[in-house]
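# Commentary on secondary and tertiary structure
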Amino acid sequence: MRFKTTWIWIFLVPTVVLYGVYTIYPIIASYWYSLVEWNGFDADQKFVGLSNYREVFADPLFWNSFKVTLFFMLLVVPARVLLTLLLAMVLNSPKLPLIGLLRSAFFIPVVTTTAIIGVVMRFILDPASGPITTVLTKLGFGGVDFLGDQHLALPTAAVLYVWKFFGVTMIYWLAALQTIPYELYEAARIDGAGTGQLFRHITLPMLKPFLIIITVLTVEETFHNFDLMYTLTGGGPYFHTEIIEIYIYRWAFAASIPQLGHASAAAVIFGLLVAVVGALQLWGVYAGRRLRGDQR
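Residues numbered from 1 in each chain as written. Predicted model: local features only at pLDDT ≥ 70, side-chain atom pairs only at ≥ 80, totals over all residues. Heavy atoms only, no water.

## Regarding the pattern of salt bridges
One pass over the full model with this rule turns up three salt bridges. Here Glu-221 makes a salt bridge to Arg-80, at a shortest N to O gap of 2.8 Å. A residue pair is termed long-range when its members are at least 10 positions apart, and Glu-221 in helix α9 (residues 195-222) and Arg-80 in helix α3 (residues 60-91) qualify at 141 residues. On the accessibility criterion, Glu-221 (22% relative accessible area) is partly exposed. For Arg-80, a relative accessible area of 0% corresponds to the buried category. Of the charged contacts in the structure, one is a salt bridge between Arg-189 and Glu-186, with a shortest N-O distance of 3.8 Å. Here Arg-189 and its partner Glu-186 are both found in helix α8 (residues 182-190), three residues apart, which amounts to about one turn of the helix. (Salt bridge = Lys/Arg side-chain N within 4 Å of Asp/Glu carboxyl O. Helix = DSSP H or I, 4+ residues; strand = E, 2+ residues; numbered from the N terminus. Buried < 20%, exposed > 50% of the residue type's maximum accessible area, 1.4 Å probe, protein only.)

See the structure below:
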């Protein structure tokens, strides 16, 4: 037994080392960098205490990125949770033909690299020569600058984000729906229940525990959309799509003189926000288990 345990730890060592070097250490280092003034090139790091945090909180563009991040979440989460539930209910029917093919079709965007989707969509939505512009022009509507218009850029990115990760939430709901015994639906239909009554009295009550968990998971996932947003708009136009991740990137890498202290302070604040959502996620799992226990 001890021999097997030794080999388990030996195989775990590379994972533990890599995780520590590329995940744990950068997180810990960011707390230190948030307390210093450093451009990332010079050897000297000037300790400034909480000065970077004060500058971040005083920066209106930080609060703009905070607002954009939350607004993007409000656009994405209801669509991902509710629309995927409706689709999952359709794809959960055993009588639906080609059900495996349909499920795979909706899941294909998930396995596609997000940055590539952003680049391709910039070409498709190009207001000068993109295919969408060509179609709209032939229909008499003229070209629409979906990614350059300050009123359309964020909703357009939200639609693309929902489409990209639609399959993930759909799988969550399919797994949840398959926990409901099909015999309950058959018995209710025999008693004369319609589709609306089945959803209201069987599906929805049985899915309440999963609704909490899936919603919290979706909220947390929307905080990590740097690759799609950066390749689509780069934070423009005029910072109208600059989420917190792009704000951090701009100060750390895109500025003429990088300010890693300022960027790290913003990253720490963002990390605390994500930690709060993580705590809500744990609460959601706990609440979901309690609801499932009460239903039993």
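## What to know about the layout of surface pockets
For the largest pocket, the calculated volume is near 720 Å³. Taken together, 26 residues form the lining of the largest pocket, with Pro-26, Ile-27, Ser-30, Ile-248 and Ala-267 sitting closest to its centre. Sorting the residues of the lining of the largest pocket by element identifies α1 (2-33), α11 (244-254) and α12 (260-295) as the ones contributing at least two each. Per-element accounting of the lining of the largest pocket gives the leading share, 10 residues, to α12. Within the lining of the largest pocket, the residues separate by chemical class into 20 nonpolar, five polar and one charged. (1 Å grid on protein atoms, 1.4 Å probe; cavity = no way out; pocket = protein on both sides within 12 Å on 5 of 7 lines; lining within 4 Å. Points joined across faces, edges and corners; volume = space filled by probe spheres on them. Nonpolar A, V, L, I, M, F, W, Y, C, P; charged D, E, K, R; others polar.)

## Quick look at the packing of aromatic side chains
A full pass over the atoms with the stated rule returns 17 aromatic pairs. Both rings, one in Trp-32 and one in Phe-47, keep their centres 6.0 Å apart while their planes meet at 25°; by these two values the pair is stacked. Linking Trp-32 in helix α1 with Phe-47 in strand β2 (residues 46-47), this pair joins segments that are 15 residues apart in sequence. A relative accessible area of 52% places Phe-47 in the exposed class. Between Phe-226 and Tyr-230, the ring centres sit 5.2 Å apart and the planes meet at 15°, which makes this aromatic pair stacked. Highlighted residues: Phe-226 and Tyr-230, both in helix α10 (residues 226-232), separated by four residues, approximately one helical turn. For Phe-226, a relative accessible area of 26% corresponds to the partly exposed category. Taken together, the ring pairs in this structure connect Phe-57, Phe-62, Trp-63, Phe-66, Tyr-247 and Trp-251 into an aromatic cluster. (Phe/Tyr/Trp six-rings, centres within 6.5 Å; stacked < 30°, edge-to-face > 60°.)

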